[in-house]
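# Geometric and topological summary
Each chain, written out:
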Amino acid sequence: MTVLRRLINGSLRARNVAIFLGLLLVVQLVGFTAIRASLSSRAHSELPQRLGVGDRVLQSLLAQRALKLSEGARLLAADDGFRESIHPNDTDTIVSVLENHGRRIGATQVALYGADLSLRASTGEPLQSLDPLARRLWTAASAPGAAVDAPPSEIALLAGEPYQFVMAPIRAPVVVGWLLMGFPIHAQLGADMQSLAAAHLTLLARSDSLQPWRVKLSSLPASQAAALAARPWDAASIEPEMTVVSVDGEQLGAHAQWLSGVSPSGAGVLALTSLSVDEATKLPHDLQWALLVITLLSCAAFAVGSAYTAHRVTEPLQRLAAAADRLGAGDYATPMGGDARHDEIGQLSNAFERMRMSVSGQQDEILKLAYWDSLTGLPNRVQFRDAVREAVAAAGDAGPVNASVAVLMLDLERFKHINEALGYRFGDLVLSGVAERLSQHAVRGADLIARMGGDKFAILLRSGDGELAHTVAQRVADAFAQPLTLEEHTIDMGANIGIACWPQHAGDADVLLSRAEIAMYAAKRRGAGVLLYDPELDASSAQTLSLLTELRHAVSEHQLRLYLQPKLSLKTGAVVGAEALVRWQHPQRGLVAPQQFIPFAEKTGFIRVLTLWVFEEAARHWRMLLGEGQRITLSVNLSTRDLLDPDLPEKLQALLLKHEVPAEAFCLEITESSIMDDPQRAHAMLERLCELGFALSIDDFGTGYSSLACLKKLPVDELKIDQSFVKNMETDADDEKIVRSTIELAHNLGLSVVAEGVENEAAWHMLRELKCDQAQGYHMGRPMPVDTFSPWCIEWLDRQRLADSSSSAQQR
């Protein structure tokens with residue numbers, strides 16, 4: 001059963017055959033049930049009629065028997081010898097004659113009555129009890145108009161047994177006596193009844209109403225006949241309609257009729273005509289066999305037809321499944337195949353074929369996008385990398401002594417400026433023009449040019465050493481010496497080219513690409529134009545990899561320290577703020593200078609982590625300083641990457657809520673260059689920070705390229721003059737003019753001004769005269785650990801009081 005279930009569940013063809021056969025069997029079962037119900041209903045409706053026919057057959061049989069018996073009695077009564085033998089009044093002789101003649105015709109009871117109906121002699125049982133019966137028969141036979149061919153007959157009990165009695169006159173030539181003859185009713189009557197009417201006959205008899213019915217004759221089994229006899233068959237309970245009786249688990253339809261008159265004592269003979277209801281409603285054997293044969297033939301026909309239909313359906317589906325597997329395996333070239341059909345299967349096959357062609361086209365497009373640059377039509381980074389690997393493998397097979405592979409990495413100069421000045425569309429035209437120029441003038445036919453992304457290109461020399469690579473690189477540089485003319489614009493292009501060779505500089509393709517890129521960036525930093533890879537160039541790269549790991553450990557292992565550099569009011573000399581700075585206390589290197597890790601953090605993006613660390617530490621210590629009586633504004637620097645972080649405001653606000661510090665306690669410093677990298681995004685970020693309540697400051701003002709139009713749109717609160725102008729303002733008139741004009745400009749725009757880099761008292765007093773608002777520098781205080789900031793503030797106030805006292809005394 002489990003195997004069959006798995007076969008059906010796993011095969012559409014098997015399921016179809018099973019469904020068709022199941023439906024056929026259901027139809028056959030419904031038909032069989034309907035036929036059986038119809039036959040049962042018809043049998044129930046015909047049973048009373050059949051029982052009525054049985055009753056009439058019984059009456060006909062009794063009438064025929066009576067006629068036969070009466071004829072025998074009449075012949076006997078008309079026999080001269082019989083008349084002479086009974087003429088004497090010798091009773092014994094008469095009894096002997098009656099016995100002999102009665103035995104000859106089958107009568108066991110014979111009685112001779114006189115003309116006056118007086119009993120002269122009888123055989124068998126005493127017949128005095130039958131005098132009423134004899135009188136009824138005599139009356140019927142003597143009645144005027146009595147038919148000679150239909151002599152009177154009656155069934156009665158004699159000694160508890162049913163007999164059929166007939167009476168015939170003895171004529172000589174007038175009636176001289178009457179002959180009464182009784183014939184026992186035998187089982188033959190039941191057999192005749194069953195053969196003629198297909199019904200069972202049961203005769204019941206009793207001597208009075210107090211006695212139970214006794215079975216005298218029955219064609220039924222003894223148990224069923226006894227069960228019928230046990231029912232209360234009284235004159236009042238006998239119904240003219242059929243009575244259904246349950247006997248031994250079988251239902252019998254029976255009809256009762258009295259064969260003898262009911263005596264006042266209740267004695268009599270009862271005939272029960274019965275039929276089996278179950279037999280009547282049961283399907284005939286020939287019909288059962290016919291239905292079985294029809295069912296088997298139908299199942300065979302349906303199985304063949306459904307198997308053929310399922311094959312017509314599943315065979316194309318199997319082909320489509322195999323085609324789907326081929327598609328899944330990446331075979332898009334093999335057609336679906338199969339016969340041309342116009343039904344739903346054909347439509348499905350056509351849909352699969354269209355899908356195959358569509359997927360094939362999309363796959364080709366995907367492969368093209370995966371391996372080709374859509375803008376320039378050149379191979380992209382992925383294809384170039386694979387080509388380098390293949391070239392290195394082929395050169396390795398030939399032997400490093402006989403073969404060499406070179407990679408040139410190329411970075412365009414001033415491309416970012418072109419994008420910003422002329423737009424990205426024009427930048428795309430420039431990239432396409434560069435790709436065309438490289439393909440036409442810079443390389444040999446066997447070499448490969450690829451666009452690596454952005455404004456970076458690469459050239460693969462499948463066979464070439466460092467000298468050849470340098471020659472090709474110089475040819476590329478010469479090609480870029482000619483301006484590029486696009487849409488009436490003449491563009492002067494330059495390129496920085498890095499070169500790395502296998503096996504001299506790398507042992508595999510990935511390292512070769514990496515070191516060519518290192519040489520390119522080194523050429524860009526040095527402005528060398530073309531630079532061959534040197535191991536010294538990679539030392540800093542390895543160091544930066546370890547530096548990033550160490551920086552992560554520095555944060556998690558609490559190696560960073562918060563330093564504060566005070567900001568003072570030039571008007572009052574009071575400490576009004578401090579700039580929050582980070583220092584790294586390395587366990588082996590000691591205190592690491594910010595210049596050694598801050599630029600790297602900005603380049604790698606780790607500066608975001610450092611910014612949040614500084615902000616949280618500053619917020620935590622602000623609460624401590626407030627408790628010590630120092631209510632100041634802490635300045636925190638934001639980098640370009642911080643401004644490009646869309647979640648920065650939410651992160652800062654979460655830290656404020658965590659430490660219960662108001663946003664007004666902070667001033668966020670942003671450099672001009674970080675704003676100009678992406679002015680729109682920077683402006684949007686500053687607006688969001690301003691809405692949170694932060695004060696905003698432009699750091700290192702004067703060193704960038706921001707315009708006044710951009711400046712007046714920014715939601716800033718102060719300008720911070722770069723220390724390069726402040727340090728030399730005492731001796732350099734130009735610097736002094738720049739500082740003066742910046743202060744006036746800021747005040748006219750409603751901004752406060754902070755001067756950084758104040759390193760002597762003269763600069764302090766000069767800034768004070770120029771009405772600068774705040775000052776920051778070594779003259780007042782160097783960056784100090786946060787724990788020493790409060791004591792320094794107390795000491796500074798004491799110095800200020802002492803200086804003020806000395807100044808007052810001198811004035812007096």
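Up top is the structure.
Predicted model, so just to flag it, every value in this text is computed and none were measured.

About the criteria used
Residues numbered from 1 in each chain as written. Predicted model: local features only at pLDDT ≥ 70, side-chain atom pairs only at ≥ 80, totals over all residues. Heavy atoms only, no water. Axes fitted to C-alpha atoms, helices over the stretch in contact; angles between N-to-C directions. Helix = DSSP H or I, 4+ residues; strand = E, 2+ residues; numbered from the N terminus. Parallel < 35°, antiparallel > 145°, perpendicular 65-115°, else oblique. Left-handed = near helix turned anticlockwise from the far one by under 90°. Contact = heavy atoms within 4.5 Å. Pairing = 2+ DSSP bridges. Patch = residues over 30% accessible without salt bridge, like charges linked within 9 Å, V, L, I, M, F, W, Y side chains within 5 Å. Areas by Shrake-Rupley, 256 points an atom, 1.4 Å probe, with all protein chains shown as cover. Salt bridge = Lys/Arg side-chain N within 4 Å of Asp/Glu carboxyl O. Phe/Tyr/Trp six-rings, centres within 6.5 Å; stacked < 30°, edge-to-face > 60°. Buried < 20%, exposed > 50% of the residue type's maximum accessible area, 1.4 Å probe, protein only. Core = buried A, V, L, I, M, F, W, Y, C linked by side-chain atoms within 4.5 Å. Polar contact = N/O pair within 3.5 Å; in protein donor to acceptor, adjacent residues only side chain to side chain. Expected span 1.5 Å × (residues − 1). Arc of directions from axis to C-beta.

### Some details on the packing of helix α11 (residues 381-398) against helix α15 (residues 509-526)
Each pair of packed helices can be described by the angle between their axes along with the distance between the axes. The contact between α11 and α15 brings their axes to 9 Å, and the two run at 120 degrees. Regarding the angle of α11 to α15, the classification is oblique. Where α11 crosses over α15, the two elements pack in a sense that is right-handed. Across the interface between the two elements, Phe384, Arg385, Val388, Arg389 and Val392 from α11 touch Ala509, Asp510, Leu512 and Leu513 from α15.

### Description of the sheet that holds strand β9 (residues 250-258)
Here five strands make up an open sheet; going across it, the order is β7-β6-β10-β9-β8 and the pairing antiparallel. Among the strands making up the open sheet, the edge pair consists of β7 (214-218) and β8 (243-247). Ignoring strand direction, the axes of neighbouring strands in this sheet form an average angle of 35 degrees. Pairing analysis gives five bridges linking β8 to β9, with the strands arranged antiparallel. Looking at the pairing, Ser246 lines up with Gln251 of β9. Those strands touched by helix α6 (residues 188-197) are β6 (200-206), β7 and β10 (268-276), and its axis lies near 145 degrees from that of β6. Those strands touched by helix α7 (residues 222-229) are β6, β7, β8, β9 and β10, and its axis lies near 125 degrees from that of β8.

### Some thoughts on a nonpolar patch on the surface
Together, Ile19, Phe20, Leu23 and Phe302 give the surface a local cluster of nonpolar side chains, amounting to about 360 Å² of exposed area. The greatest single-element share of the nonpolar patch, amounting to three residues, is contributed by helix α2 (residues 12-78). If you trace the backbone, Phe20 turns up in helix α2.

### Some details on the packing of aromatic side chains
In the structure shown here, the tally under the stated rule is eight aromatic pairs. Taking the centre distance of 6.0 Å and the plane angle of 35 degrees together, the rings of Tyr163 and Phe165 count as tilted. Accessibility assignment for this pair places Tyr163 and Phe165 in one class, buried. Seen from their ring centres, Phe615 and Phe694 are 5.9 Å apart, and the 70 degrees between their planes marks the pair as edge-to-face. Taken together, the residues span a long stretch of sequence, with Phe615 in helix α18 (residues 607-627) and Phe694 in the loop between α22 (679-692) and β23 (695-701) at a distance of 79 residues. Grouping residues by exposure puts Phe615 and Phe694 together as buried. One aromatic cluster in this structure is built from Trp764, Phe789, Trp792 and Trp796.

### Side note on the pairing of strand β4 (residues 161-171)
Judged by how many residues are buried, β4 sits mostly within the fold: nine of eleven residues are covered. Here six bridges tie strand β3 (residues 153-158) to β4, and the two strands are oriented antiparallel to one another. Bridge pairing links Leu157 to Pro162 in β4. In textbook terms, the turn of a hairpin is the stretch between consecutive antiparallel strands, and for β3 and β4 this stretch comprises two residues, one of which, Ala159, has a positive phi near 55 degrees.

### Observations concerning the nonpolar core
Ranked by internal contacts, the top residues of the largest apolar core, which has 79 residues, are Phe666 and Phe694. Residue contacts for Phe694: discarding those within four places in its chain leaves Phe615, Leu652, Leu656, Ala663, Phe666, Leu668, Leu689 and Asp717.

### Concerning the side chain of Ser569
In this structure, Ser569 sits in strand β18 (residues 560-569). Ser569 gets classed as buried once you look at its relative accessible area, which sits at 12%. Within the local environment of Ser569, its side chain forms a polar contact with the side chain of Thr572, the two groups lying 3.3 Å apart. Beyond its immediate chain neighbours, meaning those up to four positions away, Ser569 contacts Ala574, Val576, Trp764 and Asp773.

### Some details on α11
Between its first and last C-alpha, α11 extends 26 Å over 18 residues, near the 26 Å set by a 1.5 Å rise per residue. Every buried residue belonging to α11 is among Gln383, Phe384, Ala387, Val388, Ala391, Val392 and Ala395, and all of these are buried.

### Quick look at the pairing of strand β12 (residues 448-453)
With five of six residues buried, β12 is to be regarded as a mostly interior element. With five bridges connecting them, β12 and strand β13 (residues 456-461) associate as antiparallel partners. Paired with Ala450 across the strands is Ala458, a residue of β13.

### A look at the pattern of salt bridges
Counted according to the given criterion, the structure contains 20 salt bridges. Between Arg740 and Glu736 there is a salt bridge, and its shortest N-O distance comes to 2.4 Å. You can see Arg740 and its partner Glu736 sitting in helix α25 (residues 733-748), four residues apart, about one turn around the helix. Given a relative accessible area of 37%, Arg740 falls into the partly exposed group. It is possible to trace a salt-bridge network through shared partners that takes in Lys567, Glu579, Glu669, Glu718 and Lys720.

### Brief notes about the sheet that holds β4
Here five strands make up an open sheet; going across it, the order is β2-β1-β5-β4-β3 and the pairing antiparallel. Taken across any chain shown, the strands that pair with only one partner, and hence form the sheet edges, are β2 (119-122) and β3. Each neighbouring strand pair of the sheet contributes to a mean axis angle of 25 degrees, computed without reference to strand direction. Sitting on the sheet, helix α4 (residues 91-105) is in contact with β1 (109-114), β2 and β5 (175-184), with an inclination near 60 degrees to β2. Across the face of the sheet, helix α5 (residues 131-142) comes into contact with β1, β3, β4 and β5 while running at roughly 45 degrees to β4.

### A look at α25
The terminal C-alpha atoms of α25 lie 22 Å apart, and with 16 residues this matches the ideal 22 Å at 1.5 Å per residue to within 8%. For α25, the complete set of buried residues consists of Asp735, Glu736, Val739, Thr742, Ile743 and Ala746. In a view along the axis of α25, the buried residues occupy a sector of 130 degrees, so they form one face of it. Turned more than 90 degrees from where α25 packs its buried face, Asp734, Lys737 and Asn748 sit exposed. Backbone nitrogen of Asp734 and a side-chain oxygen of the N-cap are separated by 2.9 Å at the start of α25; the cap is Asp732.

### Remarks on unusual backbone geometry
The residue after Trp502, namely Pro503, is reached through a cis peptide bond having omega 10 degrees. Relative to the helices and strands, Pro503 resides in the loop between β16 (495-502) and α15. In this model, Leu117 sits at a positive phi of 70 degrees, which is unusual for a non-glycine residue. If you trace the backbone, Leu117 turns up in the loop between β1 and β2. Positive phi, normally seen in glycine, also occurs at Lys771, with a value near 65 degrees. Along the chain, Lys771 turns up in the loop between α26 (761-769) and β26 (774-776). Classification of Lys771 by relative accessible area gives exposed; the value is 64%.

Everything listed here is a matter of geometry and, on its own, says nothing about what the molecule does.
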